[in-house]
Amino acid sequence: MQRNTFPLKEHLKSKKVIEQVYANGVSVTSYPLRAIFIEQPQTEQEPTAAILINVSKKRFRHAVDRNLVKRRIREAYRTSKHTLIDTLQSQGKKIAVAIIYIDNKHNSTAFIKKKMTKLLEGILTKSSTVCENS
RNA sequence: ACAGUCGGACGGUCUGUCGCCGUUGCCGAAAGGCAAAGGAGGAAAGUCCGGGCAGCAUAGAGCACUCCACUUCCUAACAGAAAGCUGCCUGCGAAGGUAGAGUAACGCAGAAGAAAAAAACCGCCCGCAAGGGUAAGGGUGAGAAGGUGGGGUAAGAGCCCACCGGCCGUGCAGUGAUGUACGGGCCGUGUGUCUUGGAGGCUGCAAGUUCACGUAAACCGGCGCUUGAGGGUUGCUCGCCCAAGCCGGAGGGUAGAACGCUUUAGCAAUGUGGUGACACCUUGCAUAGAUGAAUGACAGACACCCUACAAGGGGUACAGAACCCGGCUUACAGGCCGACUGUCAAA
């Protein structure tokens, strides 16, 4: 049984990489979630998938609401990330992803989790096509 | 009991599963793993004041500028708090709201009104008239020569008297704002400039310190090197200090880690002083420290509230630390405690 974790190491924190993701990333949408990702060069320290969760101030004015959404997304990711990680590892790839919440209202944890599964599947199909093209 | 005023404190609890953050201990060569005890607020919010702390600056003079303003008092400090004072307003009341340095000079209100300070348009009185006297009445205005009543007079008027309001003086009470008694003279309003007293260096933890990585001390244009560019000095002027580089363009590199970073104007209790804010003594307690930013997600039970005869159904606020404190302001489901007020009932 795999453990459902999401430690700090798997967070995307480097300013440089974040800028690259937003500038050159490929986007996948599974409403109310949208992912933008790029492939990362193979290095020792980098995790298989570095994740950034973004909930804009525009959509949720209060910090309490933003925190709640972030926590639900984080929860959804850590419980459904294994398919993504395993597939990437077998392909020998590493990616950096920004997950953006694109709704103005709250959604239940169960709903977000369902959409997250779809989103991660979407990332896998998109990344393989990108690779074939290049 | 009901309705209300003021003040204070609180603002979910437990169990299970899966997670996050730093700390400590153990294991491991390392990566990491395991365990333990911890991990948002009364407003953490708005960022509106005031400090601490940090860096920079720190001969001085003049002129500006900004803020504060009843009194006493508290404090590290404040535009804050406490206890009071005076006027006005609201409430039956407990209580609440609001304003509060001064007015010598000048301006404005002044396109109203006859008149805005040594006033005569109408009216009233004297007079044949010319003219004179008059602020009771009219209308204007926020304000019309203190107000009301009486005496007085040709008619009137602080002209005289009583009471009241204001001003000045003296006594008494109070630390004081002020109150009060007596006496005096006979007394216009608002606002701005202004006057008086007090305060104000600049920048904010992205401060600042250390380490690591890396580049371009290159290129183009302008000004300057003791005949001084530029910088600092409070906004300006003077003065003073530093001074060999400075400004602009295009372009390049880094954006990692540690300290700062949580033990302090800290919180609580007893006692003492004080009406009180608060101060002092003693004792006890102390448990976030992240940095693309942790402190949670889900399920169940309980508690509370609303609704309902019941079964049941619905709801549980406002809101998330970012260097740290003291305030202010704003948001807030729900109940709790204390003091007091009004009404009703009983004794």
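Residues numbered from 1 in each chain as written. Chains lettered and ligands numbered in written order. Predicted model: local features only at pLDDT ≥ 70, side-chain atom pairs only at ≥ 80, totals over all residues. Heavy atoms only, no water.

Thoughts on the environment of asparagine 104
To keep it simple, the criterion reads: Put simply, DSSP marks the helices as runs of H or I at least four residues long and the strands as runs of E at least two long, and each gets a number from the N terminus on. Polar contact is the term for a pair of N or O atoms within 3.5 Å; when the atoms are in protein, one must be able to donate a hydrogen and the other to accept it, and sequence-neighboring residues count only if both atoms are side-chain atoms.
Relative to the assigned elements, asparagine 104 resides in the loop between β4 (95-101) and α4 (109-133). Measuring from C-alpha to C-alpha, the distance between asparagine 104 and leucine 8 comes to 27 Å, with 96 residues separating the pair along the chain. A polar atom in the side chain of asparagine 104 sits 3.3 Å from the side chain of arginine 59.

Quick notes on the protein's contact with RNA strand B
Short version of the rule: When we say a residue is near a molecule or strand, we mean one of its heavy atoms is within 4 Å of it. Under the grouping applied here, Gly and all other residues not named as nonpolar or charged are polar, the nonpolar ones being Ala, Val, Leu, Ile, Met, Phe, Trp, Tyr, Cys and Pro and the charged ones Asp, Glu, Lys and Arg.
Neighbouring residues of RNA strand B: 24 residues in total, closest Lys9, His11, Leu12, Arg78 and Thr109. Put simply, 72% of the atoms of RNA strand B that lie within 4 Å of the protein are in sugar or phosphate. Here a phosphate oxygen of RNA strand B and a side-chain polar atom of arginine 74 are 3.1 Å apart. Within the side chain of glutamate 75, a nitrogen or oxygen atom sits 3.3 Å from a base nitrogen of RNA strand B. At the level of elements, α1 (15-24) and α2 (63-80) are the ones that each hand at least two residues to the surface near RNA strand B. The residue makeup of the surface near RNA strand B, split by class, is nine nonpolar, six polar and nine charged.

Focus on the confidence of the model for chain A
Convention followed: pLDDT measures the predictor's confidence residue by residue and takes values from 0 up to 100.
On average, residues of chain A score 79 in pLDDT, and 89% of them are at 70 or above. Of the two predicted TM-score estimates for the complex, the pTM is 0.75 and the ipTM is 0.84.

Some points on the packing of aromatic side chains
Stated formally: Aromatic rings from Phe, Tyr and Trp, taking only the six-membered ring of Trp, are treated as a pair when their centres fall within 6.5 Å; an angle between ring planes under 30 degrees marks them as stacked, one over 60 as edge-to-face, and anything in between as tilted. Note on classification: 1.4 Å probe, protein chains only; a residue is buried when its accessible area is under 20% of the maximum for its type, exposed when over 50%, partly exposed between these limits.
One pass over the structure, following the stated rule, counts one aromatic pair. Taking 5.9 Å as the distance between ring centres and 40 degrees as the angle between the ring planes, the aromatic pair formed by phenylalanine 60 and tyrosine 101 counts as tilted. Of this pair, phenylalanine 60 sits in the loop between β3 (49-54) and α2 while tyrosine 101 sits in strand β4, placing them 41 residues apart in sequence. In this pair, the class of phenylalanine 60 matches that of tyrosine 101, namely buried.

With respect to the sheet that holds strand β1 (residues 26-30)
The following threshold applies: For two strands to pair, DSSP has to find at least two bridges joining them. Axis definition: a line fitted to C-alpha atoms, limited for helices to the stretch in contact. Angles are taken between N-to-C directions and run from 0 to 180 degrees.
With mixed pairing, four strands are arranged side by side in an open sheet as β1-β2-β4-β3. Two strands lie at the open edges of the sheet, namely β1 and β3, each paired on one side alone. Taking the axes of each pair of neighbouring strands and ignoring which way they run, one obtains an average angle of 20 degrees across the sheet. Sheet topology note: the β1/strand β2 (residues 33-39) ladder contains five bridges and is antiparallel. Paired with serine 27 across the two strands is isoleucine 36, which belongs to β2.

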